[in-house]
Amino acid sequence: MAEEIKNLIGGRWQAAAEGKTLKSVNPADTDDVVGVVPASTGADVDRAVDAARKAFNAWRLTPPPKRGEIIFRAAEHLLKNKDSLGELVTREMGKILKEGLGDVQEAIDMAYYMAGEGRRLSGETVPSELADKDCKSFRVPIGVFALITPWNFPTAIPAWKIFPALISGNTVVFKPSSYTPVSATRLVELIVEAGIPAGVINLVHGTGTEIGEYLATHPAIDGVSFTGSSVVGEKLSKMCGTIDKEISCEMGGKNAIIVMEDGNLELAVEGALWGGFGTTGQRCTAASRVVVHEPVYDGFVKTFAAEAEKLTLGDGLNEKTDVGPLINEAQLKKVLDYIEIGKKEGARLVIGGKRLTADKYKKGFFVEPTIFADVTPDMRIAREEIFGPVVSVLKAGDLKDAIEIVNSSEYGLSSAIYTQDVNSSAVAERDLDTGIVYINAPTIGAEIQLPFGGTKKSGLGHKEAGGRGGALDMFTKWKVIYRDFSNMLQKAQITEE
Ligand code: UN1
């Protein structure tokens, strides 16, 4: 049954000002309408930004441990509702149920972690060069944030932004992807039930074209955190740059796994299957390239293909399914186009390559797990982000060659190496130019207690998630205090005669 979804503005759930709606459908069966959602316009965004601005001062002055208590309760609510929310994520986004639950778990992890930050948020105290004077720095919130999130992690990625933004004392206007609005709404409902004051979190539904840009460039927005395509991220950052806003973007990837002759090949195949076809390849961390050391190349391709052949496609809610559908028609077309491009470029199609059209698949967006071998680094399928179940296998002469191939990408989010040689792993760790490097594990599965983000076209501004250099840097600025208690005018840097 389709749920009727509303915007949340200033603590009130409401329809879009113009009363128009959009539908969110199940990508495994488009007859299944998951929700009917407000198709908001600029007028709704204006009101949401206004509500966030009004709520800012009181929230800024709420002690961070108190903010943390609310976020902790949100974590508890999420945990209690994990099963139903995980199912909703699967129904609305398509990823298999285990991954739908994992998506929610990542949101829970982030909520607990950021709740704890309420009692840390530490700064520095350092000595002054003058007597009877002290100096310290601390983090302060930036103000009102626009949070714009994609459909591939309907609860985790919003949680990566909402919880650090709130613990830091910002208020937010959250615009989730119009492909996964119901999951996002459920997440917000649980945060509201945890006791977040009205106006601190506002939710506005709609398409990127209609309200995304409008929100990001809104004059009363102080900061923007965006996750999505590099094209949109770059455009937003240019627009925001000119009007002087904080902006951080998490964008595409063309992540690679290196498999060396001395690696555990069985494990590497398992890793390539999970990294390449997990979430139907629709992760920005997906392993869309596998770079294999020449002596084991043929054997790897054979086993990888044989194992990929065994994967079962279907509705993610069915326990037997390994790989779910793509999110929508546009993504389906893009993936099929890239498969044609790969064939024309002369890559060898080893398995897959087709849309499934049998009765049980025809109402969904299903494409077979696809492997191209003999791909060369200059081919488009080796360079461009496909965001689907398509893996390109490339050959490397040695470790140096493999690292060069990985680094030749204009993206730099995540990479991996399978090797049992300690020296090779150290060289890879040092020389792979990506934000995240995995040793003997695939390119997906980052944990929330360390920063998440990439180099080059994969990331711009601050990183997400926890740890030093993580999201707190995105959502706070440093303030420095000098306090002079000498009752005299003391002059720093000046030598008195
Ligand atoms: C994404 O694909 O946008 O590391 C995020 C991972 C997940 C997050 C992926 N923890 O694959």
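Keep in mind it's a predicted model, so treat the numbers as computed, not measured.

J.: Sorry, what's going on with the pairing of strand 16 (residues 370-373) here?
T.: The side chains of a regular strand alternate between the sheet's two faces. The side-chain alternation of strand 16 yields two buried faces, one formed by T370 and F372 and the other by I371 and A373. Taken together, the three bridges between strand 15 (residues 348-351) and strand 16 define a ladder with antiparallel strand orientation. Following the sheet pairing, L349 is matched in strand 16 by F372. Where strand 16 meets strand 17 (residues 390-396), three bridges bridge the pair, whose relative direction is parallel. Across the sheet, T370 pairs through a bridge with V390, a residue of strand 17.

J.: Could you clarify how one ought to interpret the pattern of salt bridges in this entry?
T.: Considering all chains together, one arrives at 26 salt bridges under this definition. The partner of D32 in a salt bridge is R91, with the nearest N and O atoms 2.9 Å apart. Here D32, found in strand 5 (residues 29-38), pairs with R91, found in helix 3 (residues 82-93); they are 59 residues apart in sequence, far enough to count as distant. No difference in accessibility class separates D32 from R91, as the two residues are buried. A salt bridge links K354 to E368; the shortest N-O distance between them is 3.8 Å. Residue K354 is found in the loop between strand 15 and strand 16, and its partner E368 is found in the loop between strand 15 and strand 16; the two are separated by 14 residues along the sequence. By relative accessible area, which is 19% here, E368 ends up buried.

J.: What is the right way to look at the sheet that holds strand 7 (residues 133-141) in this model?
T.: Two strands in a sheet stick together by hydrogen bonds in their backbones, pointing the same way (parallel) or opposite ways (antiparallel). Taken together, the three strands give an open sheet; going across it, the order is 6-7-25, and neighbouring strands pair in antiparallel fashion. Two strands lie at the open edges of the sheet, namely strand 6 (124-127) and strand 25 (476-484), each paired on one side alone. Between one strand axis and the next, the sheet turns through 20° on average, direction left out of account. Here strand 6 runs beside strand 7; their pairing, made up of four bridges, is antiparallel. Residue V126 lies in a different strand from strand 7, and its bridge partner there is C135.

J.: Please explain the site of the ligand as it appears in this structure.
T.: Around the ligand, a shell composed of E106, N152, F153, I157, W160, R283, C284, T285, I444, G445, A446 and F452 is seen. Side-chain polar atom of E106 to a nitrogen atom of the ligand: 2.9 Å apart, as the coordinates give it. In the model, an oxygen atom of the ligand is placed 3.4 Å from a nitrogen or oxygen of the N152 side chain. Relative to its free-state accessible area of 320 Å², the ligand is covered by the protein chains to the extent of 99%.

J.: Where do I start with the environment of D32 in this structure?
T.: Using a relative accessible area of 19% as the deciding quantity, one classes D32 as buried. A C-alpha to C-alpha distance of 7.6 Å links D32 and M1, two positions 31 residues apart in sequence. With residues near it in sequence (within four places) discarded, D32 still touches S24, V25, N26 and R91. A polar atom in the side chain of D32 sits 2.9 Å from the side chain of R91.

J.: Please clarify how the nonpolar core should be interpreted in this entry.
T.: Generally speaking, nonpolar side chains in soluble globular proteins are found buried as a group. Counting residues in hydrophobic clusters, the biggest one holds 93 residues, and the most contacted among them are I162, F163, F300 and F304. Top contributing element to this core by residue count: helix 5 (residues 156-167), with nine residues. Both of domain 1 (3-251 + 458-481) and domain 2 (256-439) provide at least three residues apiece to this core. When residues no more than four places from it in sequence are discounted, the contact partners of F300 are V259, A268, V269, A272, V290 and V292. Ranked by size, the runner-up nonpolar core spans 29 residues in total, among them I258, F365, I386 and A402.

J.: What is the right way to read empty space enclosed by the protein from this model?
T.: What the rule picks out here adds up to two cavities of 30 Å³ or more. In this model, the largest cavity occupies a volume close to 80 Å³. Class assignment for the residues of the lining of the largest cavity results in five nonpolar, six polar and three charged. Approximately 50 Å³ is the volume attributed to the second largest cavity.

J.: Mind showing me how you'd approach the environment of D244 here?
T.: Mapped onto the elements, D244 comes out in the loop between helix 8 (230-242) and strand 12 (246-250). A residue is classified by how much of its surface remains accessible, and D244, at 71% relative accessible area, is exposed. Expressed as a C-alpha distance, the spacing of D244 and D222, which sit 22 residues apart in the sequence, is 8.6 Å.

J.: Got a minute to help me understand the sheet that holds strand 5 in this structure?
T.: The three strands are arranged 1-5-4 in an open sheet whose pairing can be described as mixed. Each edge of the open sheet carries a strand with a single partner, namely strand 1 (3-4) and strand 4 (21-26). By the bridge criterion, six bridges tie strand 4 to strand 5 in an arrangement that is antiparallel. Within the sheet, the bridge partner assigned to S24 lies in strand 5 and is G35.

J.: What's the story with the pairing of strand 20 (residues 436-439) in this structure? I'm lost.
T.: Here strand 20 shows a clear split, with I436 and Y438 buried on one side and none of V437 and I439 buried on the other. In the sheet, strand 19 (residues 414-418) pairs with strand 20 via four bridges, with the strands oriented parallel. Bridging across to strand 20, S414 finds its partner in I436. Handedness of the crossover joining strand 19 and strand 20 through helix 14 (residues 422-431) is recorded here as right-handed.

J.: Explain helix 4 (residues 97-117) to me, please; I cannot follow it from the model alone.
T.: For helix 4, with 21 residues, the first-to-last C-alpha span of 30 Å sits near the 30 Å given by 1.5 Å per residue. Of all the positions in helix 4, only E99, G100, D103, V104, E106, A107, I108, M110, A111, M114, A115 and E117 are classed as buried. Tucked inside the fold, the buried residues of helix 4 contact helix 2 (64-80), helix 3, helix 5, helix 9 (265-277), strand 24 (464-465) and helix 15 (471-475).

J.: Honestly, the environment of G435 in this entry has me stumped. Any pointers?
T.: Within the fold, G435 resides in the loop between helix 14 and strand 20. Those residues within four positions of G435 in sequence are excluded, and the remaining contacts are G412, L413, G453, G454, T455 and K463.

J.: Got a minute to help me understand the layout of surface pockets in this structure?
T.: Sizing a probe to match a water molecule and rolling it over the atoms shows the empty space that remains. Considered as a void within the structure, the largest pocket measures approximately 1,000 Å³ in volume. Considering the residues around the largest pocket, the lining is formed by 39 residues, among which W151, F226, G228, S229 and V232 are closest to the centre. At the level of secondary structure, the elements contributing two or more residues to the lining of the largest pocket comprise helix 7 (208-216), strand 11 (223-227), helix 8 and helix 11 (329-345). Here the lining of the largest pocket takes five residues from helix 8, the largest share from any one element. Residues that form the lining of the largest pocket fall into these classes: 16 nonpolar, 16 polar and seven charged. Roughly 350 Å³ of internal volume is contained in the second largest pocket. What lines the second largest pocket is a set of 21 residues, and nearest its centre among them are E106, F153, R283, G445 and A446. When residues of the lining of the second largest pocket are traced back to their parent elements, those giving at least two are helix 4 and helix 5. No other element matches the seven residues that helix 4 contributes to the lining of the second largest pocket.

What counts, and at which threshold
Residues numbered from 1 in each chain as written. Predicted model: local features only at pLDDT ≥ 70, side-chain atom pairs only at ≥ 80, totals over all residues. Heavy atoms only, no water. Buried < 20%, exposed > 50% of the residue type's maximum accessible area, 1.4 Å probe, protein only. Helix = DSSP H or I, 4+ residues; strand = E, 2+ residues; numbered from the N terminus. Pairing = 2+ DSSP bridges. Salt bridge = Lys/Arg side-chain N within 4 Å of Asp/Glu carboxyl O. Axes fitted to C-alpha atoms, helices over the stretch in contact; angles between N-to-C directions. Near = heavy atom within 4 Å. Polar contact = N/O pair within 3.5 Å; in protein donor to acceptor, adjacent residues only side chain to side chain. Areas by Shrake-Rupley, 256 points an atom, 1.4 Å probe, with all protein chains shown as cover. Contact = heavy atoms within 4.5 Å. Core = buried A, V, L, I, M, F, W, Y, C linked by side-chain atoms within 4.5 Å. Domains from an automatic or database assignment. 1 Å grid on protein atoms, 1.4 Å probe; cavity = no way out; pocket = protein on both sides within 12 Å on 5 of 7 lines; lining within 4 Å. Points joined across faces, edges and corners; volume = space filled by probe spheres on them. Nonpolar A, V, L, I, M, F, W, Y, C, P; charged D, E, K, R; others polar. Right-handed = clockwise from strand over helix to strand, strands pointing away. Expected span 1.5 Å × (residues − 1).

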